[in-house]
Amino acid sequence: MRDLDPLDPDYVQDVLSKPPFVTIPGVINVRDLGNYPSTTEKGLITRPGYLFRSAELSGITEDGKVKLRELGVTKAFDLRSDTEIRKYNTPLPQIDGVEVVHTPVFQTADYSPEMMAKRYQLYASGKTEAFLELYSQILDNGGRAFGAILRHVRDRPNEGCVFHCTAGKDRTGIMAAIFLKLAGVDNELISRDYALTRVGREPAREMIMARLSKEPLFASNNEAALNMFTCRHETMQAFLQHFDEKYGGAVTYLKEYVGFSDEDIVTIRRNILTPGLPRL
C-alpha cells in the first residue's frame, strides 16, 4: 500500500519547513491550527500562534523549551494515559514558564490487556470503519480531558497552548477537529490538517515501529503496525460525518459530554477566531 511506504526525505523536510508545521527541537508533528478560514463567520480565520497540536513532549530539548515559550505557549495538555507514560518511559517534561497538565482521555482501566488487544486489532485493520469505532471511544471517554483544554481557551484567550497525545494523530486529531468545527472551518480543510500527520510523524517512523514491534499483534506483521498510524483524508471525512450523525456535531457534543453552556461555546468560538486572510 502506497500510503504505508516511507516518504522521500527531501519531500518531508520541505513540508516540515513550511506552515502549518512549526519546528520545536525534540518534538515531532507540531502544527499551528491558525489561518484556517471560517465558513460561518465571514472574514474571520482561526487565530495563528494560539492553538498548537503535536506529538508527545517528553523528548523536548532545552532549545525546544525556549521555542515553546517564544511561541507564547503557557500551558501544555498531555492526553496520554498513565499506562502509556510508564510503558514507554516518557514522563511529562518540566518546562519553565509552561504548565504541563496531564489530562488523559483514557483511564488506566481502559488499558487492560483485553481492551488493548481489541483496540490494536481495530488499528491493525486500517479500515475506516475501525477508526470510526476507535474515534467514538475517544469521544465517549474524552469529555473531561477535552473540557480542560477548552476551558483554557475560554478563560485565557491571551495565553497560547499546545495539546498532544503520543503520536499527535488520533486523540489530538479529534481535539483539533472539534476546535476547527467550532470555528466553522470546512470539512475538507479539517481533513487536510488531519492527513498532514502522515508527514509530521515520518521523522519518528523507526522509533514508532520499534515500539510496536514489542506488541505481539504487530511483532510479525509490519503492515498491521503501519496501519495503526495511517491518517487518511477519507478517514477524517467519514469521522466528521459520523460526528454530526451520532453526536450532533461539535456544539451538541460540548453541551452533552463536556457540560458547556451556549455562552461558553460563544466565548470559545470568539477566542479562536480573528479577522484576517487565510493562508494560501
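Here is what the cut-offs are and how they apply
- Residues numbered from 1 in each chain as written.
- Predicted model: local features only at pLDDT ≥ 70, side-chain atom pairs only at ≥ 80, totals over all residues.
- Heavy atoms only, no water.
- Helix = DSSP H or I, 4+ residues; strand = E, 2+ residues; numbered from the N terminus.
- Rg over C-alpha atoms; globule rule 2.2 N^0.38 Å.
- Buried < 20%, exposed > 50% of the residue type's maximum accessible area, 1.4 Å probe, protein only.
- Contact = heavy atoms within 4.5 Å.
- Lys, Arg positive; Asp, Glu negative; His and termini not counted.
- Charge placed at Lys NZ, Arg CZ, Asp CG, Glu CD.
- UniProt positions renumbered as here; feature names shortened; annotations may be inferred.
- Salt bridge = Lys/Arg side-chain N within 4 Å of Asp/Glu carboxyl O.
- Pairing = 2+ DSSP bridges.
- Right-handed = clockwise from strand over helix to strand, strands pointing away.
- Arc of directions from axis to C-beta.
- Phe/Tyr/Trp six-rings, centres within 6.5 Å; stacked < 30°, edge-to-face > 60°.
- Lys NZ or Arg CZ within 6 Å of the ring centre and 35° of its normal.

Looking at an unreviewed UniProt entry, one finds the chain named Tyrosine specific protein phosphatases domain-containing protein, with Psilocybe cubensis as its source organism.

Structural notes on the overall build of the chain
A tally of helices and strands in the chain yields 15 helices and 7 strands. For 280 residues, the compact-globule estimate of 2.2 N^0.38 gives 19 Å, and the C-alpha radius of gyration of the chain, at 18 Å, lies within 12% of that figure. With the C-alpha coordinates aligned to their principal axes, the bounding extent of the chain is approximately 50 × 45 × 35 Å. A total of 280 residues make up the chain; the buried ones form 55% of that total. When contacts within the chain are restricted to residue pairs at least 6 apart in sequence, long-range pairs at least 24 apart make up 76% of them. Put simply, the chain has 35 plus and 38 minus side-chain charges, and the middle of one group is 1 Å from the middle of the other.

Examining the UniProt feature "domain: Tyrosine specific protein phosphatases" (unreviewed entry) in the chain
Listed under "domain: Tyrosine specific protein phosphatases" (unreviewed entry) in the UniProt record, and renumbered for this structure, are residues 129-186. Along residues 129-186 one finds 66% helix and 9% strand; the C-alpha atoms at either end are 22 Å apart.

Points about the pattern of salt bridges
Tallying each qualifying case throughout the model produces 18 salt bridges. In this structure, E99 and K75 form a salt bridge, with 3.5 Å as the shortest nitrogen-oxygen distance. Note that E99 is positioned in strand β5 (residues 99-102) and K75 in strand β4 (residues 73-78), a separation of 24 residues in sequence. For E99, a relative accessible area of 45% gives the class partly exposed. Among the salt bridges present, the one from D264 reaches R154, with a minimum N-O distance of 3.3 Å. Of this pair, D264 sits in helix α15 (residues 262-272) while R154 sits in helix α6 (residues 143-155); the two residues are 110 residues apart in sequence, bridging distant segments of the chain. Judged by its relative accessible area of 16%, D264 falls in the buried class. Look at the salt bridges and you will find they share partners, linking E56, D78, R80 and R211 into a network.

Notes on the environment of Q121
Within the secondary structure, Q121 sits in helix α4 (residues 113-125). Residue Q121 is classed as exposed on the basis of its relative accessible area, which comes to 53%. Residues Q121 and F218, spaced 97 residues apart in sequence, show a C-alpha to C-alpha distance of 9.6 Å.

A few points about the pairing of β5
One ladder, built from 4 bridges, connects β4 with β5; its direction is parallel. Residue D78 lies in a different strand from β5, and its bridge partner there is H102. In the classification by handedness, the crossover that spans β4, the intervening helix α3 (residues 82-87) and the parallel β5 is right-handed.

A few points about the pairing of β4
Among the 6 residues of β4, 5 are classified as buried, and the element is accordingly described as predominantly covered. As paired elements, β4 and strand β6 (residues 160-164) share 5 bridges and run parallel to each other. Looking at the pairing, D78 lines up with H164 of β6.

Points about unusual backbone geometry
Backbone torsion omega between P19 and P20 reads 10 degrees, so that peptide bond is classified as cis. Summarising the element assignment, P20 is placed in the loop between α1 (9-16) and β1 (31-32). For N35, which is not a glycine, the phi torsion comes out positive at approximately 75 degrees. Along the polypeptide, N35 turns up in the loop between β1 and β2 (44-46).

Quick word on helix α2 (residues 62-70)
Within the sequence span of α2, burial applies to G64, K65 and L68. Down the axis of α2, the buried set is contained in an arc of 100 degrees. They therefore lie on one face. When the buried face of α2 is taken as reference, the exposed residues oriented beyond 90 degrees from it are E62, D63 and E70. If you follow the buried residues of α2, they end up packed against β4 and β6.

Points about the packing of aromatic side chains
This structure, assessed with the given rule, holds 10 aromatic pairs. For the ring pair F239 and F243, a centre distance of 5.5 Å and an interplane angle of 15 degrees mean the geometry is stacked. Residue F239 and its partner F243 are located together in helix α13 (residues 233-247), separated by 4 residues, close to a single helical turn. Across the pair, exposure class does not vary: F239 and F243 are buried alike. Ring plane angle 65 degrees and centroid distance 5.8 Å describe the contact between F243 and Y253, whose orientation is recorded as edge-to-face. One end of the pair, F243, is in helix α13; the other, Y253, is in helix α14 (residues 249-258), and 10 residues separate them in sequence. Against the face of Y50 rests R47, its NZ or CZ located 4.1 Å from the ring centre. When the ring centre of Y88 is taken as origin, the NZ or CZ atom of R211, which lies over that ring, is 4.3 Å away.

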